[in-house]
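Tertiary structure, described
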Amino acid sequence: MAPKKPSSSGGGASKKSGDKDGGARVMYWFRTDLRLHDSPALQAALDLKPQAFFPLWCWDPNYIYKHRVGINRFRFLLESMSALSSSLHSLNPLSQLLVVRGDPCDLLPELFKRWGITHLAFERDPNDEYVRQRDDQARKDAKANGVEVLDGYGHHLYDIREVLKAHNNEPTLTLGALQSAVSKFGDPAKPIDAPKSIPSPLLKDDVASPPQDIKDLLPKLLKSLEGLPEYSKKKGPEYDLNSHELGGQRSTGESGKVTCYDSLVGPDASESIKSTFSVPTLESLGMDAKAARVSVPSLIPGGEAEGLKRLERVIKDTKYIATFSKPKTSPCQDTSEASTTLLSPYLKFGCVSVRKFWWDAVEASKQYKGAGKTSPPENIQGQLLFREMYSVAEAGVGETYKRVHANPISRYIDWYLPTVYDSKGKEIIPRPAGDAASEARYAAFVEARTGFPFIDAAVKQLKTTGWIHHLARHSLASFLTRGQCWISWERGAEFFDEHLIDWDPASNPGNWMWLSCSAFFHQYYRVYGLATFPQKYDPSGSLIRKYCPELKDFPDKHIYAPHTAPLEVQRKAKCEIGKDYPAPILDEKKEKEHCIARMKVAYAKGWRGDAKEVLEGKAQEILRKEHGVPDPTLPEGYKAQENKDKIPKWAQRKEEDDEAQKKQGGKKRKGEKDEEEDHKASDTSTKTLSKKAKK
Ligand SMILES: Cc1cc2nc3c(=O)[nH]c(=O)nc-3n(C[C@H](O)[C@H](O)[C@H](O)COP(=O)(O)OP(=O)(O)OC[C@H]3O[C@@H](n4cnc5c(N)ncnc54)[C@H](O)[C@@H]3O)c2cc1C
């Protein structure tokens, strides 16, 4: 497929290739794609041979307050922004990333005027409702100011809007559907090289005689912004989802404010040129990595160069690439030794172009002459196509994709702790508390004290490093939803929103729907064993020994289920269950049976989030009455806060259990399977689900 030219809109014909003075003046708005290589919008902007080029970043309050973002993701972003700024500076010593702090919808129209902008260029962000509204507004403002918009699609393999059209505007719910839709477009475009130079961000008066040094240029830009509305003078946000009070990692001390908005262009910008238009710091966001116990320094450093280095390392191993088989990669390795590529954070922030990844992998596969080459869905290309599949699904559903209520593709299931809406349909934030047992289960999950070591270790790995393996995500998502806890996938997605560096508005809700059997995947009777599944990959439990060190001296036999160890074994391991490590918060097998019974009823009803009964608020009661499964309860004597729970009866190891297991020869019961191959299985066994699932 030939690289598609960025689309262009807005602006009068006279402005198309420049202003009255002859040259184009480009504002290049960096958002998610923090790189210089393979950026069609950047290329199109530079093809104009502009007289001035302003690399802009708006430090948007929406993402500071209204979006859950934890320290690891902010840190990765800040590192990527700094790296980008350095790259721009090395291409042109008069340039750097120009970071302005405020709402882009307020700032862009002002900057168009003050900097005499003729063209606004950007790569299209991965969709979500906020992005759609923000970009629509930016386009309107550009048009009103006679500014032409050049946008490209550098974030995906294909133009998601075109793929959606090719799929009759229906969300793609299987990989097969996605593959068939993209087949019309041929191969993804080949990546384009990074530019060798960029023009300077010159005010009109300086074009004829530009400043010699960035130290002379920045004060002029600073002056040009005088009188611009400051975000700090505005009323402030309705709520701060990242505050400690709402469960986030931000601690703002007595002032209760972040300091990153104290000035429009950086701290003390009027006094120190170095900090003018600078990248904010974690501290200015009220975030402290050490206090939050995230890994310091980061195990996944941000930036284009870091991403390309990682890609090169992965691609060099042609056998690994050519024979990559996702279900065979281990979820039990630590982030520093990931068994998959760990490129997702770099794709999320666009530090690495997905098309470069695709084509480098194609070349590596060609070079490998051995046996065992793999193909979609389990190979590298298959993984990248899943990413497209979720993006097209999101684009097809629109605003309701990230929730259950009114979502035409998500099955309605009577989860506990669903998102709650007011009478006007607005989400209530903070969410009103649900039933005590589910709240306690959810708290135990997010605080890594469920008493199931692999679950707790994976949660700790995620919170510490910002990443976990795909199958560890499977284990967590299955456990929290239809495996045991019967808690809405919305709560799980919310938790991942905060902690994943690679959080993506399409892939995260999409995968949660998949794992909870709400959409994309439907084999709800296939549930991950909380010990048996990870044990297959790593019988010695190294991830647990690292992230739950209190369990490190348990023998392999008991590391995944220490509550089943005899007391003398626990004492020898210096860890008594219920005292030094929590007893399980629920009975794995009993809850699994409850969940399957509930699922049968929900599936028989076949309601999606937009069913009449759901919209009228009647669905939950009807389903609960029909399946008759009792509300969740906590183990007798459960005391979450003190972490000194007694071992409930069902969690105590019984000799008869061992005997029974021996008699069964360790075999699984009928219908009891793990589902490590579910991506593959589901894709061949499911068809596009809902014809009516439209935007
Ligand atoms: C509950 C849950 C939530 C998830 N949330 C996200 C998310 O917010 N952002 C995200 O990028 N991935 C998400 N994933 C998908 C997947 O787990 C990660 O993409 C993958 O683990 C990233 O590691 P990697 O780069 O080593 O992947 P690799 O196995 O090396 O795959 C290469 C790339 O393919 C893409 N990819 C692979 N699997 C998937 C998938 N199932 N869905 C979408 N893209 C995929 C990613 O971009 C990844 O970097 C989620 C999975 C689950 C089960």
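As the structure is a computational prediction, the values presented were derived from the model and not from experiment.

Glancing now at empty space enclosed by the protein. Counted under the stated rule, the structure contains three cavities of 30 Å³ or more. For the largest cavity, the calculated volume is near 710 Å³. Lys326, Ser344, His470, Arg473 and Asp502 are the residues nearest the centre of the largest cavity, which is lined by 34 residues in total. Broken down by secondary-structure element, the contributors of at least two residues to the lining of the largest cavity are helix H11 (344-348), helix H13 (380-397), helix H16 (470-483) and helix H18 (507-515). If you tally residues by element for the lining of the largest cavity, the top one is H13, at six residues. For the lining of the largest cavity, the class distribution of residues is 17 nonpolar, eleven polar and six charged. Each pocket or cavity is described by its volume, and for the second largest cavity that value is around 410 Å³. Lining the second largest cavity we find 25 residues, and of these Thr32, Trp57, Tyr63, Leu77 and Phe349 sit closest to its centre.

Scanning the model with the defined rule gives 27 aromatic pairs in all. Where Tyr65 meets Tyr231, the ring centres are 6.4 Å apart and the plane angle is 25 degrees; that geometry is what we call stacked. Taken together, the residues Tyr65 in helix H2 (residues 61-65) and Tyr231 in the loop between helix H8 (214-224) and helix H9 (304-316) connect sequence positions 166 residues apart. Accessibility assignment for this pair places Tyr65 and Tyr231 in one class, buried. Seen from their ring centres, Phe496 and Trp512 are 5.0 Å apart, and the 75 degrees between their planes marks the pair as edge-to-face. Residue Phe496 is located in helix H17 (residues 489-499), and its partner Trp512 is located in helix H18; the two are separated by 16 residues in the primary sequence.

Relative to the assigned elements, Glu226 resides in the loop between H8 and H9. Between the alpha carbons of Glu226 and Leu264 there is a distance of 9.8 Å; along the sequence they are 38 residues apart.

One turn of the α-helix equals 3.6 residues, which is why residues spaced by three or four share an orientation. With 16 residues, helix H5 (residues 129-144) should reach 22 Å at 1.5 Å per residue; the first-to-last C-alpha distance of 23 Å fits that figure. All buried positions along H5 are accounted for by Val131, Arg132, Arg134, Asp135, Ala138, Asp141 and Ala142. Of the surrounding elements, those touching the buried residues of H5 are strand E2 (25-29), H2, helix H4 (104-114), strand E5 (119-123), strand E6 (148-152) and H13. One side-chain oxygen of the residue at the start of H5 lies 3.1 Å from the amide nitrogen of Tyr130, identifying that residue as Asp128.

A few words on the site of the ligand. Taken together, 30 residues sit near the ligand, with Thr340, Thr341, Leu342, His470 and Asp502 positioned nearest. Within the side chain of Gln383, a nitrogen or oxygen atom sits 3.4 Å from a nitrogen atom of the ligand. Take Asp502: an N or O atom from its main chain is 2.8 Å from a nitrogen atom of the ligand. For the ligand, whose accessible area on its own is 810 Å², the fraction buried by protein is 99%.

Quick look at the pairing of E2 now. The two faces of the sheet receive side chains in turn, since in a regular strand these alternate between them. For E2, the tally of buried residues reaches five of five residues, placing the bulk of the element in the interior. Here E2 shows two buried faces, one formed by Arg25, Met27 and Trp29 and the other by Val26 and Tyr28. In the sheet, E2 pairs with strand E3 (residues 52-59) via five bridges, with the strands oriented parallel. Directly across from Met27, in E3, lies its bridge partner Phe54.

Next up on the list: unusual backbone geometry. Across the junction of Val296 and Pro297, the peptide omega takes the value -5 degrees, indicating a cis bond. Within the secondary structure, Pro297 sits in the loop between H8 and H9. The omega angle of the peptide bond from Pro376 to Pro377 is 10 degrees, so this bond is cis rather than trans. Here Asp38, not a glycine, exhibits a phi torsion of approximately 45 degrees, which is positive. Within the secondary structure layout, Asp38 lies in the loop between E2 and helix H1 (40-47). One non-glycine residue with positive phi stands out, namely Ala406, at about 70 degrees. Relative to the helices and strands, Ala406 resides in the loop between H13 and helix H14 (436-446).

A few words now on the environment of Tyr346. Relative to the elements of secondary structure, Tyr346 occurs in helix H11. Separated by 40 residues in sequence, Tyr346 and Glu306 place their C-alpha atoms 8.5 Å apart. Excluding anything up to four places from it in sequence, Tyr346 contacts Phe76, Ile300, Pro301, Gly302, Gly303, Glu306, Gly307, Arg310, Cys351 and Val352.

With that out of the way, let us pick up helix H15 (residues 453-465). Taking 1.5 Å as the rise per residue, H15 with 13 residues should run 18 Å; its terminal C-alpha atoms sit 18 Å apart, in good agreement. The complete set of buried residues in H15 reads Pro453, Phe454, Ile455, Asp456, Ala457, Ala458, Val459, Gln461, Leu462, Thr464 and Thr465. Once H15 ends, the next one or two residues include Gly466, with phi positive near 85 degrees.

With that out of the way, let us pick up the pattern of salt bridges. Inspection of the entire model under this criterion finds 36 salt bridges. Here the salt bridges do not stand alone but share partners, grouping Arg31, Asp125, Arg134 and Asp135 into one network.

What UniProt calls "site: Electron transfer via tryptophanyl radical" (unreviewed entry) maps, in this numbering, to Trp415, Trp489 and Trp512. Considering the C-alpha atoms alone, the annotated residues occupy 98 residues of sequence yet fold into one spot, their largest mutual distance being 13.3 Å. Within this annotated set, the largest cavity is lined by Trp512. Locating Trp415 in the fold gives a position in the loop between H13 and H14. Looking at Trp415, the relative accessible area reads 3%, which means it is buried. Setting aside chain neighbours within four positions, we find Trp415 in contact with Thr481, Arg482, Trp486, Ile487, Ser488, Trp489, Ser516, Ser518, Met599, Gln620 and Arg624. Setting aside its immediate chain neighbours within four residues, Trp489 contacts Tyr401, Lys402, Arg403, Val404, Ser410, Trp415, Thr481, Pro509, Trp512, Met513, Ser516 and Ser518.

Counting buried residues in E5 gives five out of five residues, a clear majority hidden from the surface. Here E5 shows two buried faces, one formed by His119, Ala121 and Glu123 and the other by Leu120 and Phe122. When E2 meets E5, the two strands line up parallel, connected through three bridges. Note that in E5 the partner of Met27 across the bridge is Leu120. Note: E5 against E6, five bridges, orientation parallel. Looking across to E6, one finds that Phe122 is bridged to Asp151.

Reading guide: rules and limits
Here the residue index of a chain counts from 1 through its sequence in written order. Restriction of local features to residues with pLDDT of at least 70 applies here, the model being predicted, together with a cutoff of 80 or more for giving and counting side-chain atom pairs; totals for whole chains, interfaces and linings are based on all residues. Hydrogens and waters are ignored; side-chain quantities use all the structure's heavy atoms. Note on definitions: the grid is 1 Å and covers protein atoms alone; a cavity is a set of points where a 1.4 Å probe fits but cannot get out; a pocket is an open set with protein on both sides within 12 Å along at least five of seven lines; lining residues have an atom within 4 Å of a point. Grid points are joined across faces, edges and corners, and a volume is the space filled by probe spheres set on the points. Strands here are runs of E lasting at least two residues and helices are runs of H or I lasting at least four, both read from the DSSP assignment and numbered beginning at the N terminus. Classification convention: Asp, Glu, Lys, Arg as charged; Ala, Val, Leu, Ile, Met, Phe, Trp, Tyr, Cys, Pro as nonpolar; all other residues, Gly among them, as polar. A pair of Phe, Tyr and Trp rings is counted when the ring centres sit within 6.5 Å of each other, with Trp represented by its six-membered ring. The angle between the planes then sorts it: under 30 degrees is stacked, over 60 is edge-to-face, the rest tilted. With a 1.4 Å probe rolled over the protein chains alone, any residue whose accessible area is under 20% of its type maximum counts as buried; one over 50% counts as exposed, and the rest are partly exposed. Multiply 1.5 Å by the residue count of a helix minus one, and that product is the helix's expected span. It only takes one pair of heavy atoms within 4.5 Å for two residues to be counted as in contact. Two N or O atoms form a polar contact when they lie within 3.5 Å of each other; inside protein one atom must be a possible hydrogen donor and the other a possible acceptor, and for residues adjacent in sequence the pair counts only when both atoms belong to side chains. For this purpose, a residue is taken to be near a molecule or strand whenever a single non-hydrogen atom of the residue falls within 4 Å of it. For every accessible area listed, the method is Shrake-Rupley and the probe measures 1.4 Å; residues are considered covered only by the protein chains on display. Note: two strands are recorded as paired if DSSP finds a minimum of 2 bridges between them. By salt bridge we mean one thing: a side-chain nitrogen of Lys or Arg within 4 Å of a carboxyl oxygen of Asp or Glu. UniProt positions are given in the numbering used here, feature names are shortened, and annotations may be inferred rather than shown by experiment.

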